[in-house]
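Here's the letter readout for the chains.
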Amino acid sequence: MDNIKKLMPYWFFVFTIGFGWFILAPIVPELSKHLSANLSSILLILSAYGYTMAIIGLIAGLLSAKFTMKITLYLAMVLSVLGLFARSFSSNYIEFLIFSLLAASAYPLALAPVGSIAESMDKNKSATIAGLSIGFLFLGMSFGSLIGPYIYLSFSLFGTLILPAIIAVIASLWLAMYLPKYPKKYKGKSLKGVFKKGMIKNWYIGLAMASISILFGGIASTALGFHFSAIFALKLSGLLSGLEFLGSALGALILPFIFERSHFIKTGTVISGSMAFLFSIILLFSLVYTNISSLIILSFFVFGFFGNAFWVMALNSIINYVNDPAKAGFATSMYSVATNVGVAIIPVFIGAEFATMGTAIYGIIPSVLIVLIAFALSPVILSKRKALKLNEADLD
C-alpha cells in the first residue's frame, strides 16, 4: 500500500504527458489550417514524442541507473511544464514544433527508466507496475483524444493547448512532494552486459505496436472525412482515438496483472499479439472503406486493448534479461528507444498515404505486415521462468 501511495503521483504525471500529447490528435485538420501546414507536417508533431524517446531515451536510462530515477523525473517535470506552456503561445509551425519537442522530452525522461521503478518498488510485481505506468500514459492519451474536440469547440485552439499545461503544473507539484521517498539503493551500478541479442525481438514488437497505434490515432480524422461531414468527423475521430487509447490503458492495466498473477505470461503474450493483428486488419478496412461507425468504434477499442497489453508484455520480458533494478531501467530505456524509432518514422511516412481513399491501400498493406511480423515473434520472446536460469548463469 505504501508503494501505491508513492506511485500515484508518478502515474498522474505520466497521465498528463499522454493527455498533452494526444489532445492534438482529433484537431489535426484544425492545426493544419492554423499553422498553414500539410497533414504530414502535423503528424510529425504527433510523432515528436517518438523522436525524443529515440534521442533521449538512452540518456534517461543512463541517468536513472547512475544517479537514480529521481533526476530524470525532476527534469521531466520542468521540460513538460515549460514546453506545454510555450506551445500554447506559438504563432507559427516552427515555434509550435520546437516547443512540442521540448514538452515531448518529458516522455523519455519519465517513461524510459520504468524498469527501474518497477523492479525497485516490487520486483515480484514488475509486470503489474510496468503495466500500470504505461496504462496511465495511455489513459491520458485517451482522455486527451476524447475531450479534445469539445474543448476546441468550446474554448478554441488556445484553450485546447493551455489545459494540458495547467494540469502538468498540478501533477509536477504533487510528484515533487513524493520524489524524496523514492528508492535509491540501486544507483551507481555497472551497466556492463545489459544488452542481449534476444532483446531485438522485443524491440521489434514494441516498435510495431507503438508506431501503428500512433498511426491509427493520427489518421482517424482524415480518413473519417472520406465518409462524414467535417464536424462529425472531428467529434468521431476524438472518440475513436480516445477509445483506442482507453482500450490501451485498460489492456495495460488489466492483462499484465492477470497474466502475471495466473502464471500465464507466455500464452497471454501470444493471445494479445494475435488479437492485435486481427483487429488491425478490421480497423483499417472499416475505417477507410466503410461508414459503419459501430464497427469502426469497436475495432479501435479492441485493437488498443490487446495491442498495448502486447507492448507491455514485450517490455516486461526485457526486464527478464537482467538481474538488478539499475540494469532493468537501462534495459527498458533501450526498449523504449528502439520502439519509438518506429513512432518517429512510420506514422509520418505511412500516414501520408491515407490522405485520399485512392492511396490508402498503400498505407494499409505495410501497416498489416508490420503487425503480422510482431505477432509471429510473440511465441519466442523470453519468459520469466527461462529468465531465472539466464540470470543465474550471468551471475555465475
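To keep things clear, this report deals only with the structure shown in the data block. Values in this document were obtained by computation on a predicted structure and should not be read as measured data. Residue indices begin from 1 for each chain and proceed along its sequence in written order. With the structure being a predicted model, the display of local features is reserved for residues of pLDDT at least 70 and the display and counting of side-chain atom pairs for 80 or more, all residues being used for whole-chain, interface and lining totals. Hydrogens and water molecules were not included; the side-chain quantities draw on all heavy atoms of the structure.

### Description of the overall build of the protein
Reasoning step 1: Looking only at helices and strands, the protein has 16 helices and 0 strands in total.
Reasoning step 2: Only protein chains enter the accessibility calculation, which uses a 1.4 Å probe. A residue is then buried if its area is under 20% of the maximum for its type, exposed if over 50%, and partly exposed in between. Counting only residues that meet the buried cut, the protein has 62% of its 396 residues in that class.
Reasoning step 3: Counted over contacts in the protein with a minimum sequence separation of 6, partners at least 24 positions apart contribute 84%.
Reasoning step 4: Note on areas: Shrake-Rupley with a 1.4 Å probe; residue coverage comes only from the protein chains shown. As displayed, the protein has an accessible area near 14600 Å², and 72% of this comes from carbon and sulfur atoms. Runs of E in the DSSP output that reach at least two residues are strands. Runs of H or I that reach at least four are helices, and both are numbered from the N terminus. Residue contacts are defined here by distance: any two heavy atoms, one from each residue, within 4.5 Å place the two residues in contact.

### Thoughts on the packing of helix H10 (residues 199-224) against helix H13 (residues 293-319)
Reasoning step 1: Lines fitted to the C-alpha atoms define the axes, with helices restricted to the stretch that makes contact. Angles between their N-to-C directions range from 0 to 180 degrees. Between H10 and H13, whose axes approach to 9 Å, the crossing angle comes to 155°. Viewed along their axes, H10 and H13 adopt a mutual orientation that is roughly antiparallel. In this structure, H10 meets H13 at a crossing whose hand is left-handed. Here H10 contributes Met199, Asn202, Trp203, Ile205, Gly206, Met209, Ala210, Ile212, Ser213, Phe216, Ala220 and Leu224 to the contact with H13, which in turn contributes Ile296, Phe300, Phe303, Gly307, Phe310, Trp311, Ala314, Ser317 and Ile318.
Reasoning step 2: For the contact of H10 with H13, a count of residues per class yields 16 nonpolar, 5 polar and no charged. Any angle between 65 and 115 degrees counts as roughly perpendicular, while under 35 counts as roughly parallel, over 145 as roughly antiparallel, and the rest as oblique. Whether a crossing is left-handed or right-handed is set by the direction in which the near helix is turned from the far one by less than a right angle, anticlockwise for left-handed and clockwise for right-handed. Under the scheme applied here, ten amino acids are nonpolar (Ala, Val, Leu, Ile, Met, Phe, Trp, Tyr, Cys and Pro), four are charged (Asp, Glu, Lys and Arg), and all others, including Gly, are polar.

### Observations concerning unusual backbone geometry
Reasoning step 1: You will see that Ser36, though not glycine, has its phi angle at about 55°, which is positive.
Reasoning step 2: Along the chain, Ser36 turns up in the loop between helix H2 (28-34) and helix H3 (39-46).
Reasoning step 3: A residue is classified by how much of its surface remains accessible, and Ser36, at 69% relative accessible area, is exposed.

### Let's talk about the environment of Ile373
Reasoning step 1: On the secondary structure map, Ile373 appears in helix H15 (residues 361-377).
Reasoning step 2: Sequence separation between Ile373 and Ala208 is 165 residues, and the spatial gap between their C-alpha atoms is 8.5 Å.

### Focus on the nonpolar core
Reasoning step 1: Nine residue types can take part in a nonpolar core, namely buried Ala, Val, Leu, Ile, Met, Phe, Trp, Tyr and Cys, and a core is a set of them joined through side-chain atoms within 4.5 Å. Counting 136 residues, the largest nonpolar core has Tyr10, Trp21, Leu24, Tyr182, Met209, Leu287 and Phe354 as the members making the most contacts within it.
Reasoning step 2: The element that contributes the greatest number of residues to this core is helix H9 (residues 126-178), accounting for 18 residues.
Reasoning step 3: Look past the residues within four positions of Trp21 in its chain and what remains in contact with it is Leu46, Tyr49, Tyr107, Met141, Ile214 and Val343.

### Details of the packing of aromatic side chains
Reasoning step 1: Each Phe, Tyr or Trp ring, with Trp reduced to its six-membered ring, pairs with another whose centre is within 6.5 Å; inter-plane angles below 30 degrees give stacked pairs, above 60 give edge-to-face pairs, and intermediate values give tilted ones. Evaluation of the coordinates by the stated rule reveals 19 aromatic pairs.
Reasoning step 2: Measuring from ring centre to ring centre gives 6.2 Å for Phe15 and Phe19, while their planes differ by 15°; the resulting arrangement is stacked. With Phe15 and Phe19 both in helix H1 (residues 2-22), this residue pair falls 4 residues apart, about one helical turn. Both residues of the pair, Phe15 and Phe19, belong to the buried class.
Reasoning step 3: Between Phe285 and Tyr289, the aromatic rings sit 5.9 Å apart at their centres with planes inclined by 35°, giving tilted as the arrangement. With Phe285 and Tyr289 both in helix H12 (residues 265-289) and 4 residues apart, the pair spans about one turn of that helix.

### Some details on the packing of helix H11 (residues 230-261) against H13
For any two helices packed against each other, the geometry is given by the interaxial angle and the distance between the axes.
Reasoning step 1: Here H11 crosses H13 at 35°, and the two axes come no closer than 6 Å. The chirality of how H11 crosses H13 is right-handed.

### As for a nonpolar patch on the surface
Reasoning step 1: On the surface, a cluster of nonpolar side chains totalling about 370 Å² of accessible area is made up of Ile4, Met8, Trp174 and Met177.
Reasoning step 2: Elements represented by at least two residues in the nonpolar patch include exactly H1 and H9.
Reasoning step 3: Within the secondary structure, Trp174 is located in helix H9. Like charges within 9 Å and nonpolar side chains (Val, Leu, Ile, Met, Phe, Trp, Tyr) within 5 Å are joined into patches, using only residues over 30% in relative accessible area that form no salt bridge. Salt bridges are defined as contacts in which a side-chain nitrogen from Lys or Arg sits within 4 Å of a carboxyl oxygen from Asp or Glu.

### Notes on the environment of Phe305
Reasoning step 1: Among the structural elements, Phe305 can be located in helix H13.
Reasoning step 2: Phe305 sits in the buried class, given a relative accessible area of 17%.
Reasoning step 3: Sequence separation between Phe305 and Leu250 is 55 residues; the distance between their C-alpha atoms is 6.2 Å.
Reasoning step 4: If sequence neighbours within four positions are ignored, Phe305 has contacts with Gly247, Ser248, Leu250, Gly251 and Leu255.

None of this, on its own, says anything about what the molecule does.
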